[in-house]
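Coordinate analysis (summary)
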Amino acid sequence: MRPALFKKKMDKTLVWALVVLVVNFSGCFTEGVNNTTFPKRPDVVSIASILTFDSIIGKVAKIALEAAIEDVNADPTVLNGTKLKLSLHDSKYSGFLSMMAALQVMETDAVALIGPQSSVLAHVISHVANELQVPLLSFTATDPTLSSLQYPFFVRTTHSDLYQMAAIADIVRYYEWRQVIAIYIDDDHGRNGIISLGDQLATRGCKISHKAPIKPLATKTDISNVLVQVALMESRVLVVHTYANWGLDILEVAKSLQMLDNGYVWLATNWLSTVIDISSPLPTNTVDVMQGFITLKSYTKESNLTRKFASEWRNLTAFGLSTYCLYAYDTVYMLAHALDAYFDRGGNISFSKDVKLKGIKGEILNLDSLSIFDGGNLLLQDILNVKMKGLTGDFAFTSNKDLVSPAFEVLNVIGTSVRRIGYWSNVSGLSTTPPETVNMKPRQQSSSSDALLAVMWPGQIIQKPRGWVFPENGKQLKIGVPKRVSFQEFVGQSRNSDAFKGYCIDVFTAAVNLLPYAVPYKFQSYGDGVKNPSNTMLVSLINTGVYDAAVGDIAITTNRTRLADFSQPFIESGLVVVAPVRRSTSSTWAFLRPFSPLMWCVSGIFFIVVGAVVWILEHRINDEFRGPPKKQLVTVLWFSFSTLFSSHRENTLSTLGRMVLILWLFVVLIINSSYTASLTSILTVQKLYSPIKGIDSLMASKDPIGYQENSFVRNYLIAEYGIHESRLIPLSLPEDFDKALRDGPNNGGVAAVVDERAYVELFLSTRCDFSIVGQEFTKNGWGFAFPRDSPLAADMSTAILKLSESGELQRIHDKWLMRSACSSQGTKFEVDQLELTSFRGLFIICGLVCFLALIIYIGLIIRQFYKHYPMLSESSGRSVRSGPLQTFVSFVDEKEETIKARSKRKYSEGSSCRTDVDNASIQNYKCSRLDLSLDSK
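What this report covers is the structure whose coordinates are included nearby. (Residues numbered from 1 in each chain as written. Predicted model: local features only at pLDDT ≥ 70, side-chain atom pairs only at ≥ 80, totals over all residues. Heavy atoms only, no water.)

**Digging into the overall build of the protein**
- Counting secondary structure elements, the protein contains 30 helices and 34 strands.
- Counting every position in the protein, which comprises 937 residues, the buried fraction comes to 48%.
- In the protein, 73% of the contacts between residues at least 6 apart in sequence involve partners at least 24 apart.
- When the accessible surface of the protein is split by element, carbon and sulfur atoms take 57% of a total near 47400 Å². (Helix = DSSP H or I, 4+ residues; strand = E, 2+ residues; numbered from the N terminus. Buried < 20%, exposed > 50% of the residue type's maximum accessible area, 1.4 Å probe, protein only. Contact = heavy atoms within 4.5 Å. Areas by Shrake-Rupley, 256 points an atom, 1.4 Å probe, with all protein chains shown as cover.)

What follows is the structure in structure tokens.
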């Protein structure tokens, strides 16, 4: 027993020893892990910034960055005791010095680089940042292409120019301008921004008509040379995209060229609002050159943070507070929050040599000293994941590395200050309501009438500028005019002269005279003068740039609108059919012409049918509809046809008969009135007759059809109506029209001519043997043609409407197109016969009513027949076996009163007989009871 007990104690001792060993080992292991994964935070973290200290933005950005560093280091809750150390580098407007500064930063232990200030340098330094994996943060480089996947370590801490250009495009569309001129610095910042503007305008149906690049560091002479060319352009909507330091030079030169007067529109990106915010109060001469400008400013919601910072800012500097200051401040705070998250995840500050640079040495550049930041990718992710409330509002990044909620204020420079006329955001577009309010509501279109407040434009005018002019020193418009050989009343060239005359020329000249600006132009003839030219080919030459416009008898068709823009039509001219006509004379049988043969037949049938239906409904109860068969047949015919004159003397007694008769009298009234009106017209109005009734009868025939040579009519008839081209005969002169119509299709002529109404009316003004037959089967008009998106088309349309309202257009029409009409003004075409189609509804309703009345009547008869059938068979003395149909016919033919009287009499006789039988039965019963009683006794 002792050995067993000893063994038990030894086992217990070993177990406790093992537990102690595991606990001690675990403690050592845990301590080791903690020491490896969560190293001690560094006391100081180095960051760097590259700015242009002498620039407008650089001056205030330097102050904002230093203030942010001081505030971060003063608040131990931001980095938990770690301090930020900022080293500032001045690029001095030099790209070379900026690159050198970037390389110097990369030789140090800086974990992030704030800057550079220029988008051009950001492109270059981003390659260095990619290689050494150092996040590059910029609150001023707004080039949209920096957001590409090519620069993964570039993080923009302000809004891209992509959104700013979208806001400008919305403004252009809101004011209904079609074209703008872009003035910009010819570098990556300017070019890429204007490319984005062009894309945004294109999605809104607008475009950049001219690009005016200015070289970097340009002199005022260089700027003047560019703006002189801009002044020669048609568009007066100018978009300026430049830097804050050089933008005012552009405005001063523009003022010297009188480009800040009435009619111009100047839209500036946020460089102008930056100058106003930082440099206020501005000198008087500087304020004068920006009057009436519209500019943008990044929108930041006012909060306690911004008010507190603005108060502290006034103690730091005399410069004004710009949104760039706020973004610079938020950039430092965002980086501090990212570093805090980086250290919480166990990140440390360590660098390693770049094997690609090993062995590359130089006397000046020590590239071998450049190191890769080991935690660069991790810190980059922490930067993009930051979500905080900053001076600029909600500060966070989208999946495309853009800041959330891009929004701008739309400002108008008036006097010595700016007036906010609205807002823009990528959600709501233009609006007079702040973005944070509008974003909670459904999207409002920027084209709404209250999207922006009133604007004071350059020249101190409040009326919206047209946005374009025709410059006095511009080139003359080359206007193509068709050289017609026929119908020269519309457009024609004077003999032995280059001058043109005609209705279309006078309308164009009058409309141009109403324009509020001069339009130099020169007419150029198009055509050989032997035959009429093709107007479609003339319009196509506008599209190719041969002509700047086209004036003449140019119909607005679908195909032509694909080639050019047209003005408002100045004359209506659809397609019509012209055919020979002859006067229609009266005949012996003229009284039959109002109705077609089918209409006569159907009307006669219904007269008989209605008479028969009324006779059936009235026969059993009305003595006037009874009698011998011959008399009843005469009654039916007399009654039915006498209703035509409401002279029927028979009275209807049944409800069904009265219902049918009332409806029939209404039908007769309509037929009678229509017949009377049509016959009156036939006998009293002089008529013209033509076998051609319109385009439909032409399609149904095989006869040749004439059309004006080189007009769109030929292709239209083939494409739209399927008329074979072999049937179409081209005709040039009005005399050709006359001869072909007189010869007719059997003598080498045509059955009809299809042409535009304007030509046809002029042709018929002196020819009474022809006339327009049928209806006008197209609706179009003539207009002046201009290049696509030409603003002159809209202004000419307005001028044409003014001519029409003033009566001048009609006076020009009367001058050229009024002719002494032939003596057939009171003549009308032969009225078509009234067809059954016009009365089909009446006859259908009448037939249905008659049918329903008969159904109801037959149902009542059958019910009555079964009720009285036994009495009828006994009283008639006939056997039912003689035939139920014959019995039923006899029943229907018999008068209803007779049947009712017979039924009543039979009922009385049956009742008396049953009484006698009952009395006899009672008497027999009493006798039987008496016999039984006697037997029992």
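**Here's the deal with the side chain of S371**
- Turning to its location among the elements, S371 is positioned in strand β12 (residues 371-373).
- Its relative accessible area of 14% is what places S371 among the buried residues.
- Apart from the residues within four sequence positions on either side, S371 is in contact with M106, L132, F351, S352 and K353.

**Quick word on helix α16 (residues 503-513)**
- Most of α16 sits out of view: eight of its eleven residues are buried.
- What α16 keeps buried is the set Y503, C504, I505, V507, F508, A510, A511 and V512.

**Regarding the side chain of D553**
- By the element assignment, D553 lies in the loop between β22 (549-550) and α18 (558-561).
- Look at D553 and you get buried, because its relative accessible area is 1%.
- When residues no more than four places from it in sequence are discounted, the contact partners of D553 are P482, R484, V491, C504, N535, Y759 and W782.

**Things to note about the environment of I63**
- Within the secondary structure layout, I63 lies in helix α2 (residues 56-74).
- Once the C-alpha coordinates of I63 and A328 are considered, the two residues, 265 residues apart in sequence, prove to be 9.3 Å apart.
- With near-sequence residues (within four places) excluded, I63 lies in contact with W313, L316 and T317.

**Re the packing of aromatic side chains**
- Scanning the entire structure with this criterion turns up 37 aromatic pairs.
- Grouping aromatic residues by their ring pairs yields a cluster made of F487, F490, F737, Y759, F763, F770 and W782.
- A cation over a ring is seen here: K62 above F53, with NZ or CZ 5.8 Å from the ring centre. (Phe/Tyr/Trp six-rings, centres within 6.5 Å; stacked < 30°, edge-to-face > 60°. Lys NZ or Arg CZ within 6 Å of the ring centre and 35° of its normal.)

**Considerations on the packing of helix α19 (residues 597-618) against helix α20 (residues 629-642)**
- Closest axis-to-axis distance for the α19/α20 pair is 8 Å, and the angle between their directions is 120°. In terms of orientation, α19 lies oblique with respect to α20. At the point where α19 passes α20, the crossing takes the right-handed sense. Taken together, the residues of α20 that come into contact with α19 (itself represented by F607, I608, G611, A612, V614 and W615) are Q632, V636, F639, S640 and F641.
- Taken together, the residues that form the contact of α19 with α20 break down as eight nonpolar, three polar and no charged. (Axes fitted to C-alpha atoms, helices over the stretch in contact; angles between N-to-C directions. Parallel < 35°, antiparallel > 145°, perpendicular 65-115°, else oblique. Left-handed = near helix turned anticlockwise from the far one by under 90°. Nonpolar A, V, L, I, M, F, W, Y, C, P; charged D, E, K, R; others polar.)

**Structural notes on the pairing of strand β15 (residues 407-414)**
- With seven of eight residues buried, β15 is to be regarded as a mostly interior element.
- Sheet analysis places strand β10 (residues 294-298) next to β15, joined by five bridges and oriented antiparallel. In the sheet register, S298 faces β15, and the bridge partner there is F408.
- Here eight bridges tie β15 to strand β16 (residues 417-425), and the two strands are oriented antiparallel to one another. (Pairing = 2+ DSSP bridges.)

**Comments concerning the sheet that holds strand β25 (residues 575-580)**
- Strand order in the open sheet made by the five strands is β29-β28-β30-β25-β31, with mixed pairing throughout. Here the strands that pair on one side only, and so sit at the sheet edges, are β29 (728-731) and β31 (770-773). The sheet shows a mean angle of 35° between the axes of neighbouring strands, taken without regard to direction.
- The pairing of strand β28 (residues 705-708) with β29 spans four bridges and is classified as parallel. Counterpart to Y707 in the pairing with β29 is P730.
- Contacting β25, β28, β29, β30 (752-756) and β31, helix α24 (residues 734-743) crosses the sheet at an angle of about 150° to β30.
- Against the sheet, helix α25 (residues 757-764) touches β25, β28, β30 and β31, its axis set at about 120° to β30.

**Some details on the sheet that holds strand β2 (residues 83-90)**
- The strand order across the open sheet formed by five strands is β2-β1-β3-β4-β5, and the pairing between neighbours is parallel. Each edge of the sheet is formed by a strand with only one pairing partner; in this case those strands are β2 and β5 (154-156).
- As paired elements, strand β4 (residues 136-138) and β5 share three bridges and run parallel to each other. Paired with L136 across the two strands is F154, which belongs to β5.
- Lying over the sheet, α2 contacts β1 (44-51), β2 and β3 (113-114), oriented at roughly 165° with respect to β2.
- Sheet strands in contact with helix α5 (residues 119-132) are β1, β3, β4 and β5, and its direction is about 155° off that of β4.

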